[in-house]
Each structure stands twice: as C-alpha cells, then as structure tokens.
Amino acid sequence: MARLILVLGDQLSPSLSALNDIGPDDVIVMAEVADETSYVPHHPKKIAFVLTAMRKFADYLRGQGHRVAYTKLDDPDNAGSITGELLRRAEEHGTSTVVATEPGEWRLIAALNDLPLDVTILPDTRFIATHSEFEAWAEGRKELRMEWFYRDMRRKTGLLMDEGKPEGGKWNFDHDNRKAAPKDVTYYGPMEFSPDKDVMALVADRFGDNFGDLEPFWFATDAAQAQHHFERWLQDALPSFGDYQDAMLNENKFLYHSVIGLYINAGLLDALAVCRAVEAEYTAGRAPINAVEGFIRQIIGWREYMRGIYFLEGPDYMSRNVLGHTRDLPPFFWGAATKMNCIAKTVDQTKTDAYAHHIQRLMVTGNFALLAGIDPAHVHEWYLAVYADAYEWVEAPNVIGMSQYADGGIVGSKPYVSSGAYISRMSDYCKTCAYKVKDKTGEDACPFNLLYWDFLIRHRDRFSNNPRMGNMYRTWDRMKDDHKESVLQDAATWLARMEAGEVV
Ligand SMILES: Cc1cc2nc3c(=O)[nH]c(=O)nc-3n(C[C@H](O)[C@H](O)[C@H](O)COP(=O)(O)OP(=O)(O)OC[C@H]3O[C@@H](n4cnc5c(N)ncnc54)[C@H](O)[C@@H]3O)c2cc1C
Ligand code: SF4
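Definitions and cut-offs
Residues numbered from 1 in each chain as written. Chains lettered and ligands numbered in written order. Predicted model: local features only at pLDDT ≥ 70, side-chain atom pairs only at ≥ 80, totals over all residues. Heavy atoms only, no water. Helix = DSSP H or I, 4+ residues; strand = E, 2+ residues; numbered from the N terminus. Buried < 20%, exposed > 50% of the residue type's maximum accessible area, 1.4 Å probe, protein only. Polar contact = N/O pair within 3.5 Å; in protein donor to acceptor, adjacent residues only side chain to side chain. Contact = heavy atoms within 4.5 Å. Pairing = 2+ DSSP bridges. Right-handed = clockwise from strand over helix to strand, strands pointing away. Axes fitted to C-alpha atoms, helices over the stretch in contact; angles between N-to-C directions. Parallel < 35°, antiparallel > 145°, perpendicular 65-115°, else oblique. Left-handed = near helix turned anticlockwise from the far one by under 90°. Domains from an automatic or database assignment. Buried area = accessible area lost by both parts, 1.4 Å probe. Salt bridge = Lys/Arg side-chain N within 4 Å of Asp/Glu carboxyl O. Expected span 1.5 Å × (residues − 1).

Chemist: Explanation requested: the side chain of Thr-352 in the structure shown.
Modeler: Mapped onto the elements of the fold, Thr-352 is located in helix 13 (residues 341-353). Here Thr-352 falls in the buried class, since its relative accessible area comes to 19%. A distance of 2.8 Å separates a polar atom in the side chain of Thr-352 from a polar atom in the side chain of Asp-353. In this structure Thr-352 touches Lys-45, Asp-213 and Lys-253, once residues within four positions along its chain are discounted.

Here's what the structure looks like:
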C-alpha cells in the first residue's frame, strides 16, 4: 500500500531519513500552507526563499522518478496546515500511513502525533549528535557548557583531530578571533541568484505588508547554487573568517561571514560536508587554524549544542522569563526611526537582507533588548520572524538562552550584556552616531552605557555572586554616589522617553 512521505520546507535534503527506503507506490507530500507562512510575520525574503527551494526540490524528486503531491499556497484545495494536507492526501491516495522526519519544532511534532493516522517519525540524521547522545552528555552535569560538548563532537567526527589530540595543540582558538573591523574588506559578499517570478508575485501579494524587503532577492534556492556560493566563500573569505568574526561595519553587512546558515538549515547544504571542506582548506595550507577551528566550532559545536538544548528543555522553553522582563518591543525593531546608529544599521540590514551576523544579533539588538528589559517572548518572535535562517530549534536557544538569559543560565554562564564600549571597539558605528559613546551620563550619553548599569543594579541580587560578574559590581561600588544617581536617573528618563514614543 502507498505510504505518504512528508517533506517539510526545511527538509530539502536527498539524504532525508523519511526518503531513505521510499518505494514506487509511495507519495511524497509537500505543501505550502498558511499555518507555516503566518504563525509569525516572516520576512518576505525568507518566505520566497523557502517556497522557491521547496518547488525546486519537488522538481528534483520528480526527476528522480518519485511521485510528488505538491500543494501550492494558492491552490484552491489547500487545507491550510500540514496536518490538514496529510489528511486530504491520505483520503485521496487511500492510505493512513505517514512517514516523517522529525520536525524542528515542538508545535509540529505535537500536531503530527495528534493525527488520526498511523504516523512514524524518524530521527533527523542530518545532525551529528542524536537526542540520546546529547541527553547522555547532559546527564548529571551541573553546567551544560558548549565547550565540553564541542570537544566530544570533535572526537566523534574526527574533525581537526591528530591522533586523539586537537589539531594545532589547542581545542579552541577563539582568543585570536576578536580583531577590530579592518578598513578594507577584501571579500565582496555572498553570491547572488535570480528569483522565481511566480513565487515573487505570490509573496508580494500575500506578504507584502510584512516587515522586510522582498526585492532585490538574491538567495540561492537549490543545492547546486548554495554549493557554488559556499565554494567561492571557501576560496575568497574563509582565511579571514576567524580574525574578523566579531567585527561590524557601517558599510559592510557581511564582512567574511559565510551566509550559509539559511542553506544548511533548509537542507540545501550538509553540515558535516561543509565542515570537511573547511578542514580540507586547512590541510592544504590555504586557511589558518583560527579561521578553520572557529568555523567548525560554530557548526559542530554551537549549532548542534543549540539543537540539543531545544529538545532537552522541552516545549515550555519558549515561555521562560526568569528575569521577569515585560516591556514591549520598541517600534525601532520594526524599522521606525532611532538615533542609535548601531540599532538602526542592524535593523536596516535585517530589513533589506533578512540577515545580520552573530555579533549584531547578540551584542546590538539582543544586548539592547536584554538591557531594556523587553519581554523575551516578544524578542523570540521577532528573531524567528526576521531572519532567513530562523527555525525554532536553533533560534529559541540562541534568543531565550544565549541572548536574553531568560532560561536562567542554561546556555550562558552569565548574561551577554555590555555598555557602548564593546560596540565601539568592534565597529565603526559609534563614529557616526548621534549619541556619544564616551559620555556616561547626560542627554547625549550612549543609551547602552546608561542601560548597562540600570540592568546590573536591577538584577543585583541574582548576579552579584556570579564569579564572572563580580568585577562589574566592584566597579559600580567604587563610583561616587552622585554619579551613580545620575546614571540611574538618566536611564529611567531615557526609557520613559522610549516608552512615550519619542525618537530616541
Ligand atoms: C540572538 C541570536 C539569534 C540567532 N538566531 C539564529 C537562527 O534563527 N538561526 C540560525 O541558524 N542561527 C541563529 N543564530 C546564530 C548565528 O547568529 C547565525 O547562525 C549566523 O549569524 C548565520 O550567519 P552565517 O551563515 O553568515 O554564519 P557564520 O558566521 O558564517 O557562521 C557559520 C555557521 O555557523 C553556524 N552558527 C554560528 N553560530 C551559531 C549559533 N550560535 N547557533 C547555531 N548555529 C550557529 C551557522 O550554521 C552558521 O551558518 C542566532 C544568534 C543570536 C545571538
Ligand atoms: S554610541 Fe551607543 S548607541 Fe550609538 S552606535 Fe555607539 S553603542 Fe550604539
């Protein structure tokens, strides 16, 4: 009897477990549905990327001789949800058997499990660590630090290993990867590809009001294009990736970043293959160890670790809020005017390209949201909506955990907060900002300087005994009382002006 084989929009990989033992009678079900395109207001470029890549993958599967039941978003019979589509196809093909690869979202896993059909959910073998491996690693540990997990992944994959020892004599070369932004960036950014006209018209029509520019659309939308882009990045940018990983520039959105997160997450590139190609550049002497180790750590370390945390912590993770933050997301996260140049640049780039690199996400928008006490659930929804690489399994631990400390320290041993000094050191944003990064109080003082102390004092009970934060509190305690008063007063005034809708 025919089985329905479900392929979701971020499962566009020929190696997908659900496709493994597909037979000639089986029907692959792929569906563009309203539920998935609108449960958060996704960036139009992200929607166009996923729909185009799905359509191309369906063509590829048909070319391999498979039967594909594909539903377009504007098909009149579209049931509007993945489960609705499975029920409709089950009836159409006279079957009740469904095979799926585990979705990267609790919401969809629950929906599949609730179906009145015989559903088998297979593990997603595109990841390096299985759920049970991560659980075994986490079992009994007081702290789930990424670094220890990462070393196990190095041992498991053999990446950058030399007879059981780490290549280059150290596990981690992060210390070398914090250079300030260079004047000249020699890499010209990601490769650009043509969009699909039908998808562009559909997305413009349905999602034109969402935050984000649909055009110009430039993402790769199939495996060959993504591979082409990646190989050019390997050659032209990888050697400098490590050095300038944390840098930010007014006039350069991508620096040496790979911009492959969206392709790996959708299934167009394979994570392990990407790491092996990067390692080969080191072995051939074409890229230094700090770049190669730094890159491989992001993928087999951070990416795998984030997924492990998402599945370990369970569906309630997205509603955690240990710091009790309740403020609404200010309108400048959606493109309204702000005098803070770092925020304006990061949000503008997010709007045009559905992309910002890690330090912009962590130390500009994330840092601001945490300092200002924004409700982490709103921050989570924003990140999930606006980035082309955002899927809940990877976005939520990065936002709720790493960036907002809303999980109480599972992902990070301390909150990622900084004053304007960090942004000034790692970027040229402050040079053209209306605020003065050197001012600690007063109308022109950088808001990050004010809010940094406001945050630390608000949460003194929780953080003053944290060994990694003692210095911060000692610095505060050494300040004169009238200066401390001015800082806190100016922070309160600034936040009140923001709440009142002033351009701040
Ligand atoms: C607040 C916040 C939200 C984030 N949301 C997402 C998200 O929704 N989806 C997502 O894929 N990444 C997310 N990240 C991680 C990281 O910022 C992006 O993976 C990266 O910016 C993608 O750009 P790139 O491909 O140019 O990455 P590069 O800087 O070139 O890094 C290479 C690859 O490493 C992986 N990687 C790097 N850091 C991480 C990380 N912390 N977690 C997981 N993978 C990582 C990605 O696959 C990335 O493509 C988030 C980080 C923060 C701080
Ligand atoms: S001065 Fe402050 S607000 Fe302005 S760009 Fe620098 S860090 Fe951002």
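Still more to cover.
Chemist: How should I be thinking about the pairing of strand 4 (residues 97-101) in this particular structure?
Modeler: Strand residues, when the strand is regular, have side chains that alternate between the two faces of the sheet. Where burial is concerned, most of strand 4 is hidden: five out of the five residues are buried. Where burial is concerned, the two faces of strand 4 agree: the one with Thr-97, Val-99 and Thr-101 and the one with Val-98 and Ala-100 are both buried. Where strand 1 (residues 4-6) meets strand 4, three bridges bridge the pair, whose relative direction is parallel. Within strand 4, the position partnered with Ile-5 by the bridge is Val-99. Across five bridges, strand 4 lies against strand 5 (residues 118-122) in parallel orientation. Within strand 5, the position partnered with Val-99 by the bridge is Thr-120. Taking the sense of rotation as the criterion, the β-α-β connection linking strand 4, helix 4 (residues 106-113) and strand 5 turns out right-handed.

Chemist: Please clarify how the sheet that holds strand 3 (residues 67-71) should be interpreted in this entry.
Modeler: Where strands meet in a sheet, backbone hydrogen bonds hold them as pairs that are either parallel or antiparallel. In spatial order, the strands read 3-2-1-4-5; together these five strands make up an open sheet with parallel pairing. The outermost strands of the open sheet, each flanked by one partner alone, are strand 3 and strand 5. Neighbour-to-neighbour, the strand axes of this sheet turn through a mean angle of 25°, independent of strand direction. Alignment of strand 1 against strand 2 (residues 27-31), held across three bridges, turns out to be parallel. Paired with Leu-4 across the strands is Val-27, a residue of strand 2. The sheet contacts of helix 3 (residues 82-93) involve strand 1, strand 2, strand 3 and strand 4, and relative to strand 3 the element is tilted by about 135°.

Chemist: What am I meant to see in the environment of Tyr-244 here?
Modeler: In this structure, Tyr-244 sits in the loop between helix 9 (238-241) and helix 10 (261-266). Aside from chain neighbours lying at most four places away, what touches Tyr-244 is Lys-179, Ala-180, Pro-182, Leu-255, Tyr-256 and His-257.

Chemist: What is the right way to look at the packing of helix 14 (residues 358-372) against helix 18 (residues 447-458) in this model?
Modeler: In helix packing, the relevant descriptors are the interaxial angle and the interaxial distance, both defined with respect to the helix axes. Where helix 14 contacts helix 18, the two axes come as close as 8 Å, and the packing angle between them is 50°. The angle between the axes of helix 14 and helix 18 places the two elements in the oblique class. In terms of crossing hand, the pair formed by helix 14 and helix 18 is left-handed. In contact with Met-363, Val-364, Asn-367, Phe-368, Leu-370, Leu-371 and Ala-372 of helix 14, helix 18 contributes Phe-448, Leu-451, Tyr-452, Phe-455 and Arg-458.

Chemist: I keep staring at the domain arrangement of the protein and nothing clicks. Help me out?
Modeler: Interface extent is often summarised as the accessible area lost during association of the parts. Once the domains are mapped, the protein shows domain 1 (4-122), domain 2 (131-189 + 237-313) and domain 3 (331-499). Put simply, the middle of domain 1 and the middle of domain 2, counted by C-alpha atoms, are 31 Å apart. The interface is formed by twelve residues belonging to domain 1 together with ten residues belonging to domain 2. Carbon and sulfur atoms supply 58% of the area that domain 1 and domain 2 bury against each other, a total of about 860 Å² over both sides. When the area that domain 1 buries against domain 2 is broken down by residue, the three leading residues are Phe-49, Glu-102 and Trp-106, summing to 57%. Inspection of the region where domain 1 meets domain 2 yields one salt bridge.

Chemist: I keep staring at the pairing of strand 2 and nothing clicks. Help me out?
Modeler: The element strand 2 is largely enclosed, with a buried count of five among its five residues. Across the two faces of strand 2 the burial is the same, with Val-27, Val-29 and Ala-31 and Ile-28 and Met-30 all buried. Here strand 2 runs beside strand 3; their pairing, made up of five bridges, is parallel. What sits directly across from Val-27, in strand 3, is Arg-67.

Chemist: What should I look at first to understand helix 16 (residues 392-403) in this one?
Modeler: Residues spaced three or four apart along an α-helix face the same direction, because each turn holds 3.6 residues. An ideal rise of 1.5 Å per residue puts 16 Å on twelve residues; helix 16 reaches only 14 Å between its terminal C-alpha atoms. For helix 16, a buried count of eleven out of twelve residues is recorded, marking the element as mostly surrounded by other parts of the structure. Those residues of helix 16 that sit buried are Glu-392, Trp-393, Val-394, Glu-395, Ala-396, Pro-397, Val-399, Ile-400, Gly-401, Met-402 and Ser-403. Looking at the packing, one finds that the buried side of helix 16 touches helix 4, helix 10, helix 12 (289-313), helix 14 and helix 15 (376-386).

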